[in-house]
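# Structural characterization, general
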Amino acid sequence: MLTKELEGKISVVTGGSRGIGRAIAIALADEGSHVVINYATREDAAREVLNEIESRGGSAEIMRFNIALFQEVQRAFDEIVKKHRRIDILVNNAGITRDNLFALMKVEEWDEVIDTNLKGVFNCTRAVIKAMIRQKGGKIINIGSVVGVMGNPGQANYCASKAGIIGFSKALARELGSRNITINVVAPGFIETEMTANLSEDIRNEMLKRIPLGRFGKPEDVASVVCFLARDASSYITGQVIHVNGGMF
């Protein structure tokens, strides 16, 4: 039986309709938080997560907005604050890939990834920060990636976006510590999601050889760390990168 440590807290999870975001939304709701599930295109998938949460006795709602567009993000967060009076936890999870060798990478492939993965984190954090300062506290948890620290061929855009999130989070942790706002990064390794399911068997086997625990991670492995960072128990942790990668880095 869970202790409902997040009872009464309001959480926003971007990209909460699939994969890691879905697992995070469900886990936060299981601990008592009301979760705003953001999605960009897949309303059906978002509703499935909402139904799953409600079937488990939790509380949630879905909200469509494009995290790459600041005005759209600001309107959404203003609406959330107006409705719930506060936002306690922001999980910047939404991300995309547009993989290509750098010599062949189109400008559009670079821009799309940076706009969503990095600028999206800026947009959502910028939109929530006044509310968190006003309420004298908050938790911001950014989902990075192991490749943001170790690199990966064919993913210069994705690696740059995730490395940028780390620098961004460390700077903000220093800026906002006096306001009782913590900012941390959870950096997953190879996690079984839709994003990784399309990789060839050869690539999967090669990746598996690099993981000391000998298995790929599950979205729930990441969600459990996010939940820890969302609880009061983590109140003295900020500016950190917590790796969830089975020992591969």
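What comes next concerns the included structure. (Residues numbered from 1 in each chain as written. Predicted model: local features only at pLDDT ≥ 70, side-chain atom pairs only at ≥ 80, totals over all residues. Heavy atoms only, no water.)

### Here's the deal with the packing of helix H3 (residues 70-84) against helix H4 (residues 107-134)
At a closest axis distance of 8 Å, the pairing of H3 and H4 adopts a crossing angle of 30 degrees. Comparing the axis directions of H3 and H4 gives the class roughly parallel. As for the relative orientation of H3 and H4, their crossing is right-handed in sense. Residues Phe70, Val73, Gln74, Phe77 and Val81 of H3 touch H4, and the partners they reach there are Asn123, Cys124, Arg126, Ala127, Val128, Ala131 and Arg134. Split into classes, the residues belonging to the contact of H3 with H4 amount to 8 nonpolar, 2 polar and 2 charged. (Axes fitted to C-alpha atoms, helices over the stretch in contact; angles between N-to-C directions. Helix = DSSP H or I, 4+ residues; strand = E, 2+ residues; numbered from the N terminus. Parallel < 35°, antiparallel > 145°, perpendicular 65-115°, else oblique. Left-handed = near helix turned anticlockwise from the far one by under 90°. Contact = heavy atoms within 4.5 Å. Nonpolar A, V, L, I, M, F, W, Y, C, P; charged D, E, K, R; others polar.)

### A few points about helix H6 (residues 156-176)
Over its 21 residues, H6 extends 30 Å from the first C-alpha to the last, a length consistent with the 30 Å expected when each residue adds 1.5 Å. For H6, the set of buried residues is Asn157, Tyr158, Cys159, Ser161, Lys162, Ile165, Ile166, Ser169, Leu172, Ala173 and Leu176. Summarising the contacts, the buried residues of H6 are in contact with H4, strand E5 (138-143), helix H5 (147-150), strand E6 (181-188) and strand E7 (241-244). (Expected span 1.5 Å × (residues − 1). Buried < 20%, exposed > 50% of the residue type's maximum accessible area, 1.4 Å probe, protein only.)

### Observations concerning the nonpolar core
In this structure, Ile24, Leu28, Ile37, Val91 and Val186 are the most contacted members of the largest nonpolar core, which totals 33 residues. Broken down by secondary-structure element, the contributors of at least two residues to this core are helix H1 (19-30), strand E2 (34-39), helix H2 (43-55), strand E3 (59-64), strand E4 (89-92), E5 and helix H9 (219-230). If sequence neighbours within four positions are ignored, leucine 28 has contacts with Leu6, Ser11, Val13, Ser33, Val35, Val91, Cys227 and Ala230. Core analysis: the second largest hydrophobic core is formed by 25 residues, Val73, Ile80, Val81 and Leu176 among them. (Core = buried A, V, L, I, M, F, W, Y, C linked by side-chain atoms within 4.5 Å.)

### Some words on the pairing of E3
Bridging between E2 and E3 involves 6 bridges; their strand directions are parallel. By the bridge assignment for E3, valine 35 is matched with alanine 60. (Pairing = 2+ DSSP bridges.)

### Here's the deal with the pattern of salt bridges
Under the defined criterion, the tally for this structure stands at 11 salt bridges. For arginine 86, the salt bridge goes to aspartate 88, with nearest N and O atoms at 2.8 Å. Residue arginine 204 is joined to glutamate 192 by a salt bridge in which the shortest nitrogen-to-oxygen separation is 2.9 Å. With arginine 204 in helix H8 (residues 201-209) and glutamate 192 in the loop between E6 and helix H7 (194-197), the pair connects residues that are 12 residues apart, well separated along the chain. Glutamate 192 sits in the partly exposed class, given a relative accessible area of 33%. (Salt bridge = Lys/Arg side-chain N within 4 Å of Asp/Glu carboxyl O.)

### Notes on a nonpolar patch on the surface
Taken together, Val149, Met150 and Phe249 make up a surface patch of nonpolar side chains, about 250 Å² in accessible area. Within the element layout of this structure, methionine 150 appears in helix H5. (Patch = residues over 30% accessible without salt bridge, like charges linked within 9 Å, V, L, I, M, F, W, Y side chains within 5 Å. Areas by Shrake-Rupley, 256 points an atom, 1.4 Å probe, with all protein chains shown as cover.)

### Quick look at the packing of aromatic side chains
Counting across every chain of the model gives 2 aromatic pairs. A ring pair is formed by phenylalanine 65 and phenylalanine 77, whose centres lie 5.8 Å apart and whose planes are at 65 degrees; its orientation type is edge-to-face. Remark: phenylalanine 77 occurs in helix H3 and phenylalanine 65 occurs in the loop between E3 and H3; sequence separation between them is 12 residues. The pair phenylalanine 65 / phenylalanine 77 is uniform in exposure class, with both members buried. (Phe/Tyr/Trp six-rings, centres within 6.5 Å; stacked < 30°, edge-to-face > 60°.)

### Some details on the sheet that holds E6
Across the sheet, which stays open at both edges, the 7 strands sit in the order E3-E2-E1-E4-E5-E6-E7 with parallel pairing between neighbours. Bordering the open sheet on either side are E3 and E7, each of which pairs with just one other strand. On average, each strand axis in the sheet is inclined to that of its neighbour by 20 degrees, with strand direction left out of account. The sheet contact formed by E4 and E5 spans 4 bridges and is parallel. Across the sheet, the residue bridging to leucine 90 is isoleucine 140, located in E5. Its contacts with the sheet place H2 against E2 and E3, and it is angled at close to 170 degrees to E3. Helix-sheet contacts for H3 involve strand E1 (10-13), E2, E3 and E4, and the interaxial angle to E3 is about 150 degrees.

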